[in-house]
Amino acid sequence: MIDRNILDKAFALVKAKWPDAKPRMGLILGSGWSEVVESFRVVDAIPYEEIPGLGKTGVVGHAGRLVRAESSGLETLIFQGRRHFYEGVGWTPIALPVFLLKSFGVKAVMVTNAAGGVRADLVTGKLMIIDDHINFLGANPLVGAHDPFWGPRFPDQSEVYDAGLRRLLAQAGTAAGEQLPHGVYLADSGPTYESPAEIRAFRTLGADAVGMSTVPEALLAKAAGLRVVGLSCITNSAAGISANPLSHEEVTEATKQAMQRMKQVVLNFWKEVSREGI
């Protein structure tokens, strides 16, 4: 269950440090995405360890800072790394970024991740716009007593990933010189990588890419009334497709190779949002 008392304490601390903050956008950076912060004008940062309920990230490739930044005139809160379901820390650290974004009045959030490609054309280095997701975690962060902060008891999930923002993200890719493919992201609990048989099953279910994150934040943000857009970096072919054993080192190396393109697409997206408004 999500501990609302801890979330309130976290907001109080961040608000006390940045009393004049009026962010309009949020950005949650997944494995290997931390360097994207360099595309923004950084104003200040708070280590996760100082924020109640968040705590130090437990995975390589997650810097573990809340960054106050700006790009294209849009003040932005950037979560430089995330907590994961497989860390066994409960839902509170996972829900906390979305809680802070909504509490500060943010209207839209981009969620990012590193993912394994299930569809044949989603090869290493591709950036995929998330059109929809499959929650295969075996759990849901909204289980428990209903808190109206997260919307109605039974939140609609018909369009988690906002169509208008997906269009702007596609335009951002075109401006960076590439046509970004679209697909369905499946979140498995981890921390083991999937077996070849599981990947075959996921393909049958309609998954195009697979990972261990993103879905909880996306469904919480949608339930709470935020507009959501998602972007995956395909860092490897999934088990049974790749001829090589899977490793986190492969994931981080792939994001390093794709980093300049990742930065450019995100930077372009902020320009598109600023131009169109949210």
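Everything quoted here is computed from the prediction, not taken from an experiment.

Basis of the calculations
Residues numbered from 1 in each chain as written. Predicted model: local features only at pLDDT ≥ 70, side-chain atom pairs only at ≥ 80, totals over all residues. Heavy atoms only, no water. Core = buried A, V, L, I, M, F, W, Y, C linked by side-chain atoms within 4.5 Å. Buried < 20%, exposed > 50% of the residue type's maximum accessible area, 1.4 Å probe, protein only. Helix = DSSP H or I, 4+ residues; strand = E, 2+ residues; numbered from the N terminus. Contact = heavy atoms within 4.5 Å. Salt bridge = Lys/Arg side-chain N within 4 Å of Asp/Glu carboxyl O. Axes fitted to C-alpha atoms, helices over the stretch in contact; angles between N-to-C directions. Parallel < 35°, antiparallel > 145°, perpendicular 65-115°, else oblique. Left-handed = near helix turned anticlockwise from the far one by under 90°. Nonpolar A, V, L, I, M, F, W, Y, C, P; charged D, E, K, R; others polar. Polar contact = N/O pair within 3.5 Å; in protein donor to acceptor, adjacent residues only side chain to side chain. Phe/Tyr/Trp six-rings, centres within 6.5 Å; stacked < 30°, edge-to-face > 60°. Lys NZ or Arg CZ within 6 Å of the ring centre and 35° of its normal.

*Asks:* Help me understand the nonpolar core in this model?
*Replies:* One broad trend across soluble globular proteins is that nonpolar side chains are buried collectively. Core analysis: the largest hydrophobic core is formed by 49 residues, its most contacted members being Val14, Ile51, Leu66, Val109, Trp150 and Leu220. Sorting the residues of this core by element identifies helix H1 (4-17), strand S4 (74-80), helix H2 (92-103), strand S5 (108-117), strand S6 (127-136), strand S7 (182-188), helix H5 (215-223) and strand S9 (227-237) as the ones contributing at least two each. Broken down by element, this core gets its largest block of residues, 7 residues, from H2. The contacts of Val109, once residues within four sequence positions are left out, are Gly26, Leu27, Ile28, Leu101, Ala221, Leu226, Arg227, Val228 and Val229.

*Asks:* I keep staring at the pattern of salt bridges and nothing clicks. Help me out?
*Replies:* Between side chains of opposite charge, pairing is possible as soon as their charged atoms come close. Under the criterion given, the structure shown has 16 salt bridges. Note that Arg227 and Asp162 form a salt bridge whose closest N and O atoms lie 2.8 Å from each other. You can see Arg227 sitting in strand S9 and its partner Asp162 sitting in the loop between S6 and helix H3 (163-175), a full 65 residues away along the chain. By relative accessible area, Arg227 is classed as partly exposed at 29%.

*Asks:* Even after reading the chapter, I still don't get the packing of H2 against H5, so can you show me in this structure?
*Replies:* Where H2 contacts H5, the two axes come as close as 9 Å, and the packing angle between them is 40 degrees. Taken together, the axes of H2 and H5 are oblique relative to one another. Judged by the twist between their axes, the crossing of H2 over H5 is right-handed. For the pair formed by H2 and H5, the contact residues are Ile94, Ala95 and Val98 on the first element and Pro216, Glu217, Leu220 and Ala221 on the second. Across the contact of H2 with H5, the residue classes tally to 6 nonpolar, no polar and 1 charged.

*Asks:* Explanation requested: unusual backbone geometry in the structure shown.
*Replies:* It is generally the case that most residues other than glycine have a negative phi and that most peptide bonds are trans. Pro191 follows Gly190 through a cis peptide bond whose omega is 5 degrees. Of note in this structure, Ser72 is not a glycine but carries a positive phi near 50 degrees. Here Ser72 is to be found in the loop between strand S3 (65-71) and S4. Its identity as a non-glycine residue notwithstanding, Thr214 has a phi of 75 degrees, on the positive side. Within the element layout of this structure, Thr214 appears in the loop between strand S8 (209-211) and H5.

*Asks:* It is not clear to me how the side chain of Asn236 should be interpreted in this structure. Could you clarify?
*Replies:* Looking at the secondary structure, you find Asn236 in strand S9. Within the structure, the side chain of Asn236 is placed 3.0 Å from the side chain of Thr235, a separation counted as a polar contact.

*Asks:* Where do I start with the packing of aromatic side chains in this structure?
*Replies:* Describing an aromatic ring pair means giving the distance of the ring centres and the angle of the ring planes. This model, assessed by the stated rule, comprises 8 aromatic pairs. Considering the side-chain rings of Phe99 and Trp150, the 6.4 Å spacing of their centres and the 55 degrees angle between planes classify their relative orientation as tilted. Placement of Phe99 in helix H2 and of Trp150 in the loop between S6 and H3 is noted, with a sequence separation of 51 residues between them. For the pair Phe99 and Trp150, one class covers both residues: buried. Between the aromatic rings of Phe269 and Trp270, the centroid separation amounts to 5.7 Å while the plane-to-plane angle is 70 degrees, which identifies the pairing as edge-to-face. Of the two residues, Phe269 and Trp270, neither departs from the other in class, the shared state being buried. Linked through ring pairs, Phe40, Phe269 and Trp270 together constitute an aromatic cluster. The ring of Phe149 is capped by Lys102, whose NZ or CZ atom sits 4.5 Å from the centre of that ring.

*Asks:* What am I meant to see in the packing of H1 against H2 here?
*Replies:* Any two packed helices are characterised by how steeply their axes cross, that is the angle between the axes, and by the distance between the axes. Where H1 meets H2, the closest approach of the two axes is 10 Å, and the angle between their N-to-C directions is 50 degrees. Classified by the interaxial angle, the pair formed by H1 and H2 is oblique. For H1 against H2, the interelement crossing comes out right-handed. Contacts from Arg4, Ile6, Leu7, Asp8, Ala10, Phe11 and Val14 of H1 reach H2 at Thr92, Leu96, Phe99, Leu100 and Ser103. Within the contact of H1 with H2, the residues separate by chemical class into 8 nonpolar, 2 polar and 2 charged.

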